[in-house]
Amino acid sequence: MKQQLIDLRIRMQQAGIDAYIIPTTDFHGSEYVNDYFKCRKFLSGFTGSAGTVVVTQEEAYLWTDGRYFLQATDQLKDTGIGLMKMGQPGVPTIDAYLKEKLTPQSTIGFDGRVCDYAFGCKLESICKVNYELDLVGDIWKDRPAIKPSKIYGLPSSVTGETAGSKLARVRSYMEKKGADYHLITKLEEIAWLFNVRGDDVANTPVFFSFALIARDHAYLYVMDETFKEEDVRPYFQIFEDIKTIPQGTILLDEDVVSYALVRSLPEKVQINNSSSPVTMMKALKNEDEIRSTKNAHLKDGAAMVNFIYWLKQTVGKEEITEISAADYLEQCRREQEGCYDLSFTTISGYMSNGAIVHYEATPATNKTLKPEGFLLVDSGGQYEDGTTDITRTIALGPLSQKMKEHYTTVLRCHIRLAMAKFPVGTTGSELDTLTRQPLHAIGLDYNHGTGHGVGHLLSVHEGPQTISGKPGCDVPFYQNMITSNEPGVYLEGEYGIRLENEILCVDAANGKLGFENLTFCPFDREAILPELLTEEELAWLNNYHREVYEKIAPRVSAETSAWLKEQTEKI
């Protein structure tokens, strides 16, 4: 059992807490967080980007989704923390578990600044709550400090709209909703709304902030003390200002805004529980955002082609590991103009490690690559003109017939979504069902969504749209949304395959929508069985490879271009 768990239970007992909740987020509901907020990782050792730990005096469990089942099983060994596989038969939700284990006289503890209001209300319905406790912080003696980054503005060439224009659209929405105020706590939404960025979270160019928008002014609360603009206030002042809002109606999203902030509102203030209009506004990219994003993808395609060429030429001749391969890919990206960061930690999984959906190589797990089998590489970059996300599964040498069949079937799923034509109003759930059909036909599936929204110079994961069969994935697709297309298959102990492009939702005529590829990098022809592809799928693949060569060849060396020509020849 981890010492951290023992220490936490001692603090729980001292504070009169029967169950303590540790989510994976910050004061803003973020998916990726600053090191200061990695309480769940500190307590459990689990490093995935999603999961909640619940601790009682007798038991402790981590709830996480299918992307992390294998990883969590491994990382939770000997910690004293069990695994609850979310969405699986017989696995209770957190609130159902707590209802079973606690009595109305029990007390649940949590830090109300990192739990959303809706979840806090569920806990309230079970028993008493104490939401002013950061018990993990009490036992984390060497907790990293928050060092706020400098906030910087973006040029209009990549934003396409002034902050004033965006605020006017928000206020128009507020008026329709009868709201006097709008509280925004999502970092990506605030950065997009004000056309500014920062570096407070690794791989995501955001800064710690809150925004309180009224009909005639907008207050921005930030940590960066050097950012001097009108109506800019100190970051933590929001927790006091929210208590003094005059009578009126405030628009906020109870699934996002923290329990502590909502509980601080005066009783005379009415709540209009609704998603922020900024969520959809930033998902519908404008012409300048699309143009600059397309340019970023061309640079990213060149980086990927340089990497894959080097990898295929070098494996078996020099020692390459999962980590050194990821490092080389990062080098390839940073050689491209305007690339200043990765968009997330590169997933570089060889053979059995590739079957761990969100695998992160460590010195203990780092495999040496051999001139055989598959290397799954999921990666992306932050460029001055866009955010990228791409996965390629690369054949390093001989493959079994089964591996080729699985690769080709995943490719068929990918092509199926890329070629889809669908009515306006189609949801991600419907597109997810369409995509999976080739894998279902051979008795296989994957335990993650097919696609997620992608931010513009922001987080690599954004909503509201998602392509998934999970409950709640009912947001319709609209023109100018950017989403990933990433089906896969994962055989525990053997290998993983995932193929991912970013796609732009476009007008496909006759009242229908379709997708345009933004990502340009060849699929591995050594892993493709052409006889498994339909004529239409093969035509799509050959046309895509023609585009890859036309767009990327001028951006790489003559030697690499010659290799790329071979890789993109008509099949």
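Conventions adopted
Residue positions are counted from 1 within each chain, in the order its sequence is given. In keeping with the model being predicted, local features are shown solely for residues with a pLDDT of at least 70 and side-chain atom pairs are shown and tallied solely at 80 or more, while totals for entire chains, interfaces and linings include all residues. By convention in this description, side-chain values take in all heavy atoms of the structure and omit both hydrogens and water. Here a strand is any run of E in DSSP of at least two residues, a helix any run of H or I of at least four, and the numbering for each starts at the N terminus. Only C-alpha atoms enter the radius of gyration; for comparison, a globular chain is expected to reach 2.2 Å times N to the power 0.38, where N is the number of residues. Contacts are residue-level and defined by heavy atoms, with any inter-residue pair within 4.5 Å sufficient. In these tables, accessible area is a Shrake-Rupley quantity obtained with a 1.4 Å probe, and a residue counts as shielded only by the protein chains included in the view. Positive residues here are Lys and Arg, negative ones are Asp and Glu, while His and the chain termini are left out of the count. Note that the charge is assigned to NZ on lysines, CZ on arginines, CG on aspartates and CD on glutamates. UniProt positions are given in the numbering used here, feature names are shortened, and annotations may be inferred rather than shown by experiment. What makes two strands pair is DSSP finding at least two bridges between them. Geometry is summarised by axes, namely lines fitted to C-alpha atoms with helices restricted to the contacting stretch, and by angles between N-to-C directions that run from 0 to 180 degrees. Each domain's extent was defined by an automatic or database domain assignment. When two parts are brought into contact, each loses some accessible area as probed by a 1.4 Å sphere; the total of that loss over both is the buried area. Just so you know the grouping, Ala, Val, Leu, Ile, Met, Phe, Trp, Tyr, Cys and Pro go in nonpolar, Asp, Glu, Lys and Arg go in charged, and all remaining residues, Gly too, go in polar. By convention in these notes, a salt bridge is any Lys or Arg side-chain nitrogen within 4 Å of a carboxyl oxygen on Asp or Glu. Note on classification: 1.4 Å probe, protein chains only; a residue is buried when its accessible area is under 20% of the maximum for its type, exposed when over 50%, partly exposed between these limits. Roughly parallel covers angles under 35 degrees, roughly antiparallel covers those over 145, roughly perpendicular covers 65 to 115, and oblique covers all other angles. In this scheme, a helix's expected span is set at 1.5 Å multiplied by one less than its residue total. The arc in question is formed by the directions pointing from the helix axis toward the C-beta atoms.

Undergrad: Got a minute to help me understand the overall build of the protein in this structure?
TA: On a plain count of helices and strands, the protein comes out with 18 helices and 28 strands. A globule of 571 residues ought to have a C-alpha radius of gyration of about 25 Å, and the protein, at 24 Å, matches this closely. Counting contacts in the protein only where the partners sit at least 6 residues apart, residues at least 24 apart contribute 67% of the total. Total accessible area on the protein stands at roughly 22,900 Å², and carbon and sulfur atoms take up 48% of it. Between the centroid of the 58 positive side chains of the protein and the centroid of its 80 negative side chains there is a distance of 1 Å.

Undergrad: Looking at this structure, I do not really get the UniProt feature "domain: Peptidase M24 C-terminal" (unreviewed entry) in the protein. What am I missing?
TA: What UniProt calls "domain: Peptidase M24 C-terminal" (unreviewed entry) maps, in this numbering, to residues 513–571. The annotated region residues 513–571 carries 47% helix and 8% strand content, and the separation between its end C-alpha atoms amounts to 28 Å.

Undergrad: Would you mind showing me how to read the sheet that holds strand 5 (residues 107–109) here?
TA: Backbone-to-backbone hydrogen bonds join strands into a sheet, with any given pair of strands oriented parallel or antiparallel. Overall, mixed pairing links the 6 strands, which are arranged 4-3-2-1-5-6 in an open sheet. Every other strand in the sheet has two partners, leaving strand 4 (82–85) and strand 6 (128–130) as the edge strands with one partner each. Strand-to-strand twist of the sheet, defined as the mean angle between neighbouring strand axes without regard to direction, takes the value 25 degrees. Across 3 bridges, the pairing between strand 5 and strand 6 is parallel.

Undergrad: Just to check I follow, could you spell out the domain arrangement of the protein for this structure?
TA: Domain parsing of the protein yields domain 1 (3–139), domain 2 (152–280) and domain 3 (284–567). Using only C-alpha atoms to locate each centre, domain 1 and domain 3 end up separated by 33 Å. With 11 residues of domain 1 at the interface, the matching set in domain 3 holds 14 residues. For the pairing of domain 1 and domain 3, the buried interface totals around 980 Å² over both sides, and the portion due to carbon and sulfur atoms is 53%. Here the residues of the side of domain 1 that touches domain 3 sort into 4 nonpolar, 4 polar and 3 charged.

Undergrad: Help me understand the pattern of salt bridges in this model?
TA: A side chain of one charge can pair with a side chain of the opposite charge when the charged atoms of the two come close. Scanning the entire structure with this criterion turns up 29 salt bridges. In this structure, Lys-312 engages Glu-526 in a salt bridge whose closest nitrogen and oxygen atoms are separated by 3.3 Å. Taken as a pair, Lys-312 in helix 13 (residues 287–314) and Glu-526 in the loop between strand 28 (512–517) and helix 17 (535–552) lie far apart in primary sequence, 214 residues in all. A relative accessible area of 39% means that Glu-526 is categorised as partly exposed. Sharing partners across several salt bridges, the network here consists of Glu-31, Asp-65 and Arg-67.

Undergrad: Would you mind showing me how to read the packing of helix 15 (residues 401–418) against helix 17 here?
TA: The geometry of a pair of packed helices is captured by two quantities: the angle between their axes and the separation between those axes. Where helix 15 contacts helix 17, the two axes come as close as 10 Å, and the packing angle between them is 85 degrees. In this view, helix 15 runs roughly perpendicular relative to helix 17, as classed from their interaxial angle. Of helix 17, the residues touching helix 15 (which contributes Leu-411, Arg-412, His-414, Ile-415 and Ala-418) are Glu-537, Trp-540 and Leu-541. For the contact of helix 15 with helix 17, a count of residues per class yields 5 nonpolar, 1 polar and 2 charged.

Undergrad: Would you take a moment to explain helix 8 (residues 163–177) for this structure?
TA: Because each turn of an α-helix spans 3.6 residues, side chains separated by three or four positions in sequence point in the same direction. With 15 residues, helix 8 should reach 21 Å at 1.5 Å per residue; the first-to-last C-alpha distance of 21 Å fits that figure. Regarding helix 8, the residues found buried are Lys-166, Leu-167, Val-170 and Met-174. The arc enclosing the buried residues of helix 8, seen along the axis, measures out at 95 degrees, which places them on a common side. Among the exposed residues of helix 8, those oriented more than 90 degrees off its buried face are Glu-175 and Lys-176. Packing partners of the buried residues in helix 8 comprise strand 8 (181–184), helix 9 (187–194), strand 10 (209–214), strand 11 (218–222) and helix 12 (277–283). Backbone geometry just after helix 8 places Gly-178 at a positive phi near 70 degrees.

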